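Each chain, written out:
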Amino acid sequence: MYPILEGLRIVEASAFVAAPTGGLTLAQLGADVIRVDPIGGGVDAKRWPLAESGASIYWASLNKCKRSITVNLRAPEGRELVAELVAQSDGGGGCFLTNLPARGALTYEALAARRSDVVMVQITGHRDGSTALDYTVNSAVGFPMVTGPARPDAPVNHLFPAWDVLTGLTAATGILAAVRRRDATGEGEHITLALSDIGYAMVGNLGYIGEAVVNGTERAPTGNDLYGAFGRDFGTRDGRRVMIAAITLRQWKSLLDAIDGHEAMRHIEAMLDVDLSDEGQRFEARDVISPVVSRWVGARGYDEVRVAFDAAGVCWGPYQSFLEMVRDDPRCSTENPLFEEVDQPGIGRFMMPGSPLEFRRHERAAVRPAPLLGQHTDEILAEVLGLGSAKIGELREGGIVA
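What comes next is a walk through the structure.

Parameters and conventions
- Residues numbered from 1 in each chain as written.
- Predicted model: local features only at pLDDT ≥ 70, side-chain atom pairs only at ≥ 80, totals over all residues.
- Heavy atoms only, no water.
- Helix = DSSP H or I, 4+ residues; strand = E, 2+ residues; numbered from the N terminus.
- Buried < 20%, exposed > 50% of the residue type's maximum accessible area, 1.4 Å probe, protein only.
- Polar contact = N/O pair within 3.5 Å; in protein donor to acceptor, adjacent residues only side chain to side chain.
- Contact = heavy atoms within 4.5 Å.
- Phe/Tyr/Trp six-rings, centres within 6.5 Å; stacked < 30°, edge-to-face > 60°.
- Salt bridge = Lys/Arg side-chain N within 4 Å of Asp/Glu carboxyl O.
- Patch = residues over 30% accessible without salt bridge, like charges linked within 9 Å, V, L, I, M, F, W, Y side chains within 5 Å.
- Areas by Shrake-Rupley, 256 points an atom, 1.4 Å probe, with all protein chains shown as cover.
- Lys, Arg positive; Asp, Glu negative; His and termini not counted.
- Charge placed at Lys NZ, Arg CZ, Asp CG, Glu CD.
- Pairing = 2+ DSSP bridges.
- Axes fitted to C-alpha atoms, helices over the stretch in contact; angles between N-to-C directions.
- Right-handed = clockwise from strand over helix to strand, strands pointing away.

**So, the side chain of Asp37**
Topologically, Asp37 is positioned in strand E2 (residues 32–37). We classify Asp37 as buried; its relative accessible area is 1%. At 2.8 Å, the side chain of Asp37 forms a polar contact with the side chain of Arg35. Sequence-distant contacts of Asp37, that is, excluding residues within four places in its chain, are made with Ser14, Gly42, Trp59, Ile69, Thr70, Val71 and Leu373.

**What about the packing of aromatic side chains?**
Taken as a whole and assessed by the stated rule, the structure comprises eight aromatic pairs. With 6.4 Å between their ring centres and 35° between their planes, Phe230 and Phe234 make a pair best called tilted. Grouping residues by exposure puts Phe230 and Phe234 together as buried. Relative to Phe309, the ring of Trp296 has its centre 5.6 Å away and its plane inclined at 15°; by these criteria the two rings are stacked. A residue pair is termed long-range when its members are at least 10 positions apart, and Trp296 in helix H12 (residues 286–298) and Phe309 in helix H13 (residues 302–312) qualify at 13 residues.

**Here we look at the pattern of salt bridges**
The full count for this structure, using the stated rule, is 23 salt bridges. Between Glu12 and Arg35 there is a salt bridge, and its shortest N-O distance comes to 3.5 Å. Separated by 23 residues along the polypeptide, Glu12 in strand E1 (residues 9–13) and Arg35 in strand E2 bring together distant segments of the chain. Note on accessibility: Glu12 and Arg35 belong to one class, buried. Between Arg327 and Asp328 there is a salt bridge, with the nearest N and O atoms lying 3.1 Å from each other. We classify Arg327 as exposed; its relative accessible area is 55%. Residue Asp328 is classed as partly exposed on the basis of its relative accessible area, which comes to 46%. Beyond isolated ion pairs, a larger network of salt bridges with shared partners links Glu12, Arg35, Asp37, Asp44 and Lys66.

**Some thoughts on a negative patch on the surface**
On the surface, Asp275, Asp278, Glu279 and Glu284 cluster together into a patch of negative charge. Position of Glu279 among the secondary structure elements: in helix H11 (residues 279–284). The exposure class assigned to Glu279 is partly exposed, which follows from its relative accessible area of 35%.

**Regarding the sheet that holds strand E4 (residues 95–98)**
Pairing within the open sheet is parallel, and its six strands lie in the order E3-E2-E1-E4-E5-E6. Of all strands in the sheet, those bounded by a partner on one side alone are strand E3 (67–70) and strand E6 (189–194). Each adjacent strand pair in this sheet contributes to an overall mean axis angle of 20°, direction not counted. Here four bridges tie E4 to strand E5 (residues 119–124), and the two strands are oriented parallel to one another. Across the sheet, Leu97 pairs through a bridge with Val121, a residue of E5. Its contacts with the sheet place helix H6 (residues 162–185) against E1, E4, E5 and E6, and it is angled at close to 160° to E5. Taken strand by strand, helix H7 (residues 195–205) contacts E5 and E6, and its axis lies near 70° from that of E6.

**Here we look at the pairing of E3**
Both faces of E3 are covered, namely the face carrying Arg67 and Ile69 and the face carrying Ser68 and Thr70. Traced from E2 through helix H2 (residues 57–62) to E3, the parallel crossover comes out right-handed.

**Things to note about unusual backbone geometry**
The bulk of non-glycine residues show a negative phi, and the bulk of peptide bonds are trans. Between Trp48 and the following residue, Pro49, the backbone shows a cis peptide bond with an omega angle of 5°. Within the secondary structure, Pro49 is located in the loop between E2 and H2. With phi around 55°, Asp273 is a residue other than glycine that occupies positive phi space. Note on Asp273: relative accessible area 69%, which makes it exposed.

**A short note on the sheet that holds strand E7 (residues 230–235)**
An order of E7-E8-E9 is seen for the three strands of this open sheet, with the pairing classed as antiparallel. Edge positions in the sheet fall to E7 and strand E9 (316–318), since each has one partner strand and no second. Strand-to-strand twist across the sheet, computed as the mean angle between neighbouring axes with direction ignored, equals 15°. In this sheet, E9 lies alongside strand E8 (residues 241–246) in antiparallel orientation, the contact comprising three bridges. What sits directly across from Ile244, in E9, is Trp316. In the packing of H12 onto the sheet, the strands contacted are E7 and E8, and the crossing angle to E7 comes to about 35°.

Set out below in structure tokens:
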């Protein structure tokens, strides 16, 4: 058995989250992802959180399973060197992933002149090439206006960089689609992917654009309520909070079984003239339903609630901090084969995830620590470009690589 993308090589020149996520996704499936960084590291090499040593835990976590070469990308000779890495004629190469400005030898036209079937994915902020980050896209696509307490004057940003991550996953999908097409036709491809287009596309895919256009209505913030169904956070007697969701009728009946709430709900149905088997009507009646659930949860400790909910098949989850998650949650531990303990140079030993994909016929690739900057420079120059030690030494002395 072997990693499923073994033999595919990606050259990644990137920063921050989106493009590195795309490279990581492919590396964890067995592709040889060569990360190109400026000598001394790029703008994200020291991004928080940092270990006591000053090494970036963030950078190490996004760039595990890759190889690293450091190149002076400001010099034309450096860009030529990276272009040669991309355009090597072996079957598994010819793929370039970047969210940096493509100049000189690293434009698609220049790469295609070296290798006609090159596949390039170029991530931009906006489709016109102007700058955007996850934070600025998030503010523009409406979600902060419906997140948090019901105060329309106080939008709340979510901290998960969803648009960066979705952009990275879409970039990886784009590469695989283009490589499949190349295998069939021999043709290369230039793919551009705008971070903001990912945001607008997902808002449209989830129906928010249709709601605004068709209904002409403004979605109101609903706090932690689950829009269009019954779901809300509740506090236990010992100070924990849990999130309960009942989207399907089965989930709703499981919740009522757990809290012995069927009779109370029949009373609410008669009082409000509603049918609580309908998820939309459960949403509209949520402020009457919630006190019933709140009294039951609030009268019990967390462990009692957990046992009762699990026994009844309730769809629920605890609120927990990152520290509580790694300390108490067995799903976020090496009991889960997703995770391995990895020794990361400069940081220490900690738990890292591999690919969440499980293939029946292929083993999950082992998690390798992130490289030190430039760790594989000589190895890559010799192995991929076939350069001898004298030429590599010349490049080092000239400040082209490090």
